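Structural overview
Read off the chains here:
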Amino acid sequence: GEEVAQTPKHLVRGEGQKAKLYCAPIKGHSYVFWYQQVLKNEFKFLISFQNENVFDETGMPKERFSAKCLPNSPCSLEIQATKLEDSAVYFCASSQSSGYGYTFGSGTRLTVV
Amino acid sequence: GESVGLHLPTLSVQEGDNSIINCAYSNSASDYFIWYKQESGKGPQFIIDIRSNMDKRQGQRVTVLLNKTVKHLSLQIAATQPGDSAVYFCAEIESNFGNEKLTFGTGTRLTIIP
């Protein structure tokens, strides 16, 4: 399809629980990006993929965050042992060529209580 | 109406008037710039882009101006409509053969007054 599909739309987790978010990029797009938006304002880059390979992971808090993009499966972002500060909207974007023609999904709102 | 970027994150404009949203970017090596519109509960939506070899680009009711000397970007929206109410973000990219992530500005909330 011509949209980036993110599931679930909303996710509530108790502090310390695991959270897993999914992203189906647009068919034919080889680049996938994850961003975190806190307080409806600033976007923080987390990680990017070129097909199933990590392209840039400089934004990932690696001790608790992990991500994968496997063939024939939605990409995923997993947070182990969530903290209150992880509450945010997580956006996935895909593009045909790196950096250009980004299309964003509608996001997953994660609330950690 | 006109915003001054980071120091005035909200802008209210009368319907039908023109609006100007400003953005100061940080990386002098950035060579591609994009304006996004974000409505409540949605992801950023592409509005217009410009490469660093240009200083102006026009779309339908929107114009982007780039001043590389002072690292400043602006978005002009002509004849604003209620549907233009949203938060607007500028974003920059430095093409770097493997590091082409978007770096977003803080955002400006535009409210169109009917």
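Residues numbered from 1 in each chain as written. Chains lettered and ligands numbered in written order. Predicted model: local features only at pLDDT ≥ 70, side-chain atom pairs only at ≥ 80, totals over all residues. Heavy atoms only, no water.

A look at the overall build of chain A
Each helix and strand counted, chain A has 0 helices and 11 strands in total. Listed by position from the N terminus, the elements making up chain A come as β-β-β-β-β-β-β-β-β-β-β. Compactness check: chain A gives a C-alpha radius of gyration of 13 Å against a globular reference of 13 Å for 113 residues, within 12% of the reference. C-alpha extents for chain A along the principal axes are approximately 35 × 25 × 25 Å. Here chain A, with 113 residues, has 49% of them falling under the buried criterion. Once local pairs closer than 6 in sequence are excluded, the contacts in chain A between residues at least 24 apart make up 53%. (Helix = DSSP H or I, 4+ residues; strand = E, 2+ residues; numbered from the N terminus. Rg over C-alpha atoms; globule rule 2.2 N^0.38 Å. Buried < 20%, exposed > 50% of the residue type's maximum accessible area, 1.4 Å probe, protein only. Contact = heavy atoms within 4.5 Å.)

Focus: unusual backbone geometry
Of the consecutive residues T7(A) and P8(A), the connecting peptide bond is found in the cis state with omega at -15 degrees. Along the chain, P8(A) falls in the loop between β1 (5-7) and β2 (10-13).

Regarding the confidence of the model for chain B
Confidence in the prediction of chain B, expressed as mean pLDDT, is 89, and 90% of residues score 70 or more. Scored below 50 in pLDDT, residues 3-8 of chain B makes 11 contacts in the model with residues more than four places away or belonging to other chains. (pLDDT = per-residue confidence, 0-100.)

Structural notes on the interface of chain A and chain B
With 19 residues of chain A at the interface, the matching set in chain B holds 20 residues. Here chain A and chain B share an interface that buries about 1600 Å² over both sides, 55% of which is from carbon and sulfur atoms. By the criterion of area lost to chain B, the three top residues of chain A are F43(A), Y100(A) and F104(A), representing 33% of everything that side buries. On inspection of chain A and its partner chain B, the count reaches 1 salt bridge. K101(B) is the partner of D56(A) in a salt bridge, and the nearest nitrogen-oxygen pair spans 3.5 Å. Among the residues making up the side of chain A that touches chain B, the classes are represented as 9 nonpolar, 7 polar and 3 charged. (Buried area = accessible area lost by both parts, 1.4 Å probe. Salt bridge = Lys/Arg side-chain N within 4 Å of Asp/Glu carboxyl O. Nonpolar A, V, L, I, M, F, W, Y, C, P; charged D, E, K, R; others polar.)

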